[in-house]
Amino acid sequence: MSSPLITRARPSPSRDITFLKELTLAPSRAHEFCGNARHSLALMVAQETQGPVFWIHPGWIPDQLNPDGVCRFIDPSRLIFVTPNRAEDLLWSVEEVLRAGIVPLVVADIPGFPSLTSVRRLHLAAETGTREGRERPIALLLTPADGGAQGCETRWHMAQDYKADAPAWHLERRRSRSLAPKAWHITRDQERFHLTRALLKADSTQNPEQRAQAKAVK
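Described in the following lines is the structure provided in the data block. (Residues numbered from 1 in each chain as written. Predicted model: local features only at pLDDT ≥ 70, side-chain atom pairs only at ≥ 80, totals over all residues. Heavy atoms only, no water.)

1. Focus: the sheet that holds strand β9 (residues 168–176)
The sheet built from 9 strands is open, its strands ordered β5-β4-β6-β7-β3-β8-β9-β10-β11 with mixed pairing. On the outer flanks of this sheet lie β5 (79–82) and β11 (192–197), each paired with one strand and no other. Neighbouring strand axes in the sheet, compared pairwise and without regard to direction, differ in orientation by 25 degrees on average. (Pairing = 2+ DSSP bridges. Helix = DSSP H or I, 4+ residues; strand = E, 2+ residues; numbered from the N terminus. Axes fitted to C-alpha atoms, helices over the stretch in contact; angles between N-to-C directions.)

See the structure below:
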């Protein structure tokens, strides 16, 4: 008899999710991913989790993930797609998955930027899921362009490096409640990713204090 896909076993250990060997995301929180390679970054995080990944996407947008591309990161069968047809149901769906506390990761591919109140609700839902479920869930909000969601625990920007001869990306941690801005260069060799320190690009949305932080870590 096969094992159930989702169970309510004992809670998972209390720790950050580590991806690309050294980067971390705090659990029980919502994080923002932006840039033209944000989907790849979300799948890099999914590699470090187990079990189903809920992927929430607007039902009125025809673009979908390519399974051939997904399988370079995770088994596509792990993805459970939710495609609401109303804008107000996108973040509501994220809240419900977080509040259940039975999967470690929910990804929301959203066409705009949620309000500060909406993001706070996601944090609260994740905290509820942590208390009452078996996981310490996190939400990844995939936002367009350079991002701009208020209240997220962190903001990450990843873009493809088109100048490189092989697949490569530039990754920036642009916002964090506890860490300074920082940047990395990512390359891929067969099935392995390699992370190296890179220069931090200027972010026009930073305030003077944040720009000073960015200069300090160059």
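Now that the structure has been shown, we can carry on.
2. Comments concerning the packing of helix α3 (residues 88–100) against helix α4 (residues 116–132)
One way to put it is that α3 packs onto α4 with a least axis distance of 6 Å and a crossing angle of 20 degrees. On the basis of the axis angle, α3 is roughly parallel to α4. In this structure, α3 uses Leu91, Val94, Glu95, Leu98, Arg99 and Ala100 to contact α4, whose residues at the interface are Ser118, Arg121, Leu122, Ala125, Ala126, Thr128 and Gly129. Among the residues forming the contact of α3 with α4, the class breakdown is 7 nonpolar, 3 polar and 3 charged. (Parallel < 35°, antiparallel > 145°, perpendicular 65-115°, else oblique. Contact = heavy atoms within 4.5 Å. Nonpolar A, V, L, I, M, F, W, Y, C, P; charged D, E, K, R; others polar.)

3. Quick look at the pairing of β9
Burial of β9 is extensive: 8 of the 9 residues sit out of reach of the surface. In this structure, strand β8 (residues 154–160) lies alongside β9, joined through 7 bridges in antiparallel fashion. Within β9, the residue paired with arginine 155 across the bridge is arginine 175. Turn length for the β9-strand β10 (residues 182–189) hairpin, with the two strands adjacent in sequence and antiparallel, is 5 residues. (Buried < 20%, exposed > 50% of the residue type's maximum accessible area, 1.4 Å probe, protein only.)

Interpretation in functional terms is not warranted from these geometric data alone.
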